Amino acid sequence: MAKAPAARKTEAPQSDPAPNRAPNRERPGEPQSYRASKDELLEFYKQMLLIRRFEEKAGQLYGLGLIGGFCHLYIGQEAVAVGLQSALSDKDSVITGYRDHGHMLLCGIPPKDVMAELTGRQAGISKGKGGSMHMFSVEHKFYGGHGIVGAQVSLGTGLGFAHKYRQDGGVCLAYFGDGASNQGQVYESFNMAELWKLPVIYVIENNQYAMGTSVNRASSEDQLYRRGESFRIPGIQVDGMDVLASRGAAEEALAWVRAGKGPIILEMKTYRYRGHSMSDPAKYRSREEVQAVRDKSDPIEHCKKLLEDQGVGEAELKTIEQEIRKIVAEAADFAESAPEPEPAELYTDVLVEKY
Ligand SMILES: Cc1ncc(C[n+]2csc(CCOP(=O)(O)OP(=O)(O)O)c2C)c(N)n1
C-alpha cells in the first residue's frame, strides 16, 4: 500500500518588521488640474461644444437615412479627447477605435470632411469609402478609425515604434475602451512597448460599458489603470469628465514618455450618454442613471461654470453656441449636397499588387 505522504513542515511566515511601502520603481507624479488661462478655457469649451453639436447632427442625419452603416457617437466623453489632445504637438500621432469623430475634429480635420465621410461622399476624408468607423488622415497624423476591438492598441504600439525608430520626437496617443481592455493583443502590445520603452500613451476611455456589459461584470480587475502593472507600465486614473483634469494628466503622461521612460496608461473615467451605436435598446442601464450623470457631471456644463467664474457672460456663451451651430450646419449641408464617389472609385485604394 502506498504510504501517505508525510505532512509537509511549514514554517510560520516571517512578518516583515518594517514593511517598505515605497514603490519599487519610479512612478509618474500625481497629475495636477491644469491651470488654464481664460483663452485656453474658452478654446476647450468651443472644442467640446463642437464635438457635441457635431455628434447630435450626425445622429439626426442617421435618423434621416443619410448616414448608413455603423455610427458610434462620442456624446458625454468630450472632455477626454479635448483635454488630452490639447497637450499634443504636431509631431504626435493619434489612433482610436470606431468612436472616432471627436478625435478627428481635434486632429484638425475639417468638420465638413468628417461629415461628408459619414454620408459617403467623394469629398469625405476617406473619399466616402470608409464611413464612420474607417476614417484616416496621415496628413493630420490620425491613423484611424478601427472596427476591430483592440486592434488599434497593437497598431498604436507600432506607431510608437515608428516614432522611436525615426527619432522624430513624437508620441502616439492610443485610445481604447474598457471592453477592449480585456482583449489579448492589448497585453502583447504592453509587453513589447515596455520592453522597448516605446513612446505610447495608452488611453483607456472607461465609459463604464462595452456594447451592453458593464465594466464590473466583464473585468476581474475593474481598476483599469492597474492593467499595466505586471508589465511595469504605470497607470493613472483620471476624472475624464473634467477637461482640466484630463489636460493635467496629459501633461504628466507626456513628460514621462518624452523623457524616454516608456509607455504609460491613463484610465479616463467617463460616460457615454447615447447608445453604443445607433441601434441600441439600452436595456442594461436605466434612464435615471444616464440623467444623473448628465445632471451632475456633464463636462461641458462644468466648463461653462468655470468660464462664468472667470467673468464670461451669457452673451459671449450664446455667441459661441451660434458660431458652433453654424459650423455644424454648414458641414451637414455640404455632406448632404456633395456628390457621391464615381462607380470607378470601387477599384481605387484597393490593394491588388503583391507586397
Ligand atoms: C475583436 C472584436 N470583437 C467584438 C467586436 C464587437 N464589438 C464592437 S464594439 C464592442 C464593445 C467595445 O467596447 P469598448 O471597448 O468599451 O468601447 P466603447 O464602445 O465603450 O467605446 C464589441 C464587443 C468587434 N468589433 N471586434
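Structural notes, computed from the coordinates. (Residues numbered from 1 in each chain as written. Predicted model: local features only at pLDDT ≥ 70, side-chain atom pairs only at ≥ 80, totals over all residues. Heavy atoms only, no water.)

Relative to the helices and strands, D298 is located in the loop between α9 (287–297) and α10 (299–309). In this structure D298 comes out as buried when scored by relative accessible area, which is 7%. Setting aside residues no more than four positions away along its own chain, D298 makes contact with R52, Y273 and V293. Within the local environment of D298, its side chain forms a polar contact with the backbone nitrogen of I300, the two atoms lying 3.1 Å apart. A distance of 2.9 Å separates a polar side-chain atom of D298 from the backbone nitrogen of E301. (Helix = DSSP H or I, 4+ residues; strand = E, 2+ residues; numbered from the N terminus. Buried < 20%, exposed > 50% of the residue type's maximum accessible area, 1.4 Å probe, protein only. Contact = heavy atoms within 4.5 Å. Polar contact = N/O pair within 3.5 Å; in protein donor to acceptor, adjacent residues only side chain to side chain.)

What follows deals with the nonpolar core. In terms of nonpolar packing, the biggest core is built from 71 residues, with L84, I201 and L266 touching the most fellow members. In terms of residues, this core owes the most to one element, helix α1 (residues 38–63), which gives 11 residues. Dropping the residues within four chain positions of it, L84 is found in contact with L173, Y175, V203, S246, A250, L266 and M268. Residues V153, L159, L198 and L224 belong to the second largest nonpolar core, which totals 20 residues. (Core = buried A, V, L, I, M, F, W, Y, C linked by side-chain atoms within 4.5 Å.)

For helix α6 (residues 184–195), with 12 residues, the first-to-last C-alpha span of 17 Å sits near the 16 Å given by 1.5 Å per residue. Considered for burial, the residues of α6 that qualify are V186, S189, F190, A193 and E194. Summarising the axial view, the buried residues of α6 lie within an arc of 120 degrees, below the 170-degree limit, and thus occupy one face. Across α6 from its buried face, at more than 90 degrees, point the exposed residues E188 and L195. For α6, the elements touching its buried residues are α5 (151–166), β2 (172–177), β3 (200–206) and β5 (264–269). Where α6 ends, the next residue or the one after it, K197, has phi of about 50 degrees, a positive value. (Expected span 1.5 Å × (residues − 1). Arc of directions from axis to C-beta.)

Turning to the site of the ligand, a few remarks are in order. Near the ligand there are 15 residues, and of these Y98, R99, G147, G179 and A180 occur at the shortest range. In the model, a nitrogen atom of the ligand is placed 3.1 Å from a nitrogen or oxygen of the V149 main chain. In the environment of the ligand, an oxygen atom lies 3.3 Å from a nitrogen or oxygen atom belonging to the backbone of D178. Alone, the ligand offers 590 Å² of accessible surface; in the complex the protein occludes 71% of this. Structurally, the ligand is housed in the largest pocket. Here the shell around the ligand is built from residues that sort into 7 nonpolar, 6 polar and 2 charged. (Near = heavy atom within 4 Å. Areas by Shrake-Rupley, 256 points an atom, 1.4 Å probe, with all protein chains shown as cover. 1 Å grid on protein atoms, 1.4 Å probe; cavity = no way out; pocket = protein on both sides within 12 Å on 5 of 7 lines; lining within 4 Å. Sits in = over half its atoms within 2 Å of the grid points. Nonpolar A, V, L, I, M, F, W, Y, C, P; charged D, E, K, R; others polar.)

Coordinates in, geometry out; function isn't part of it.
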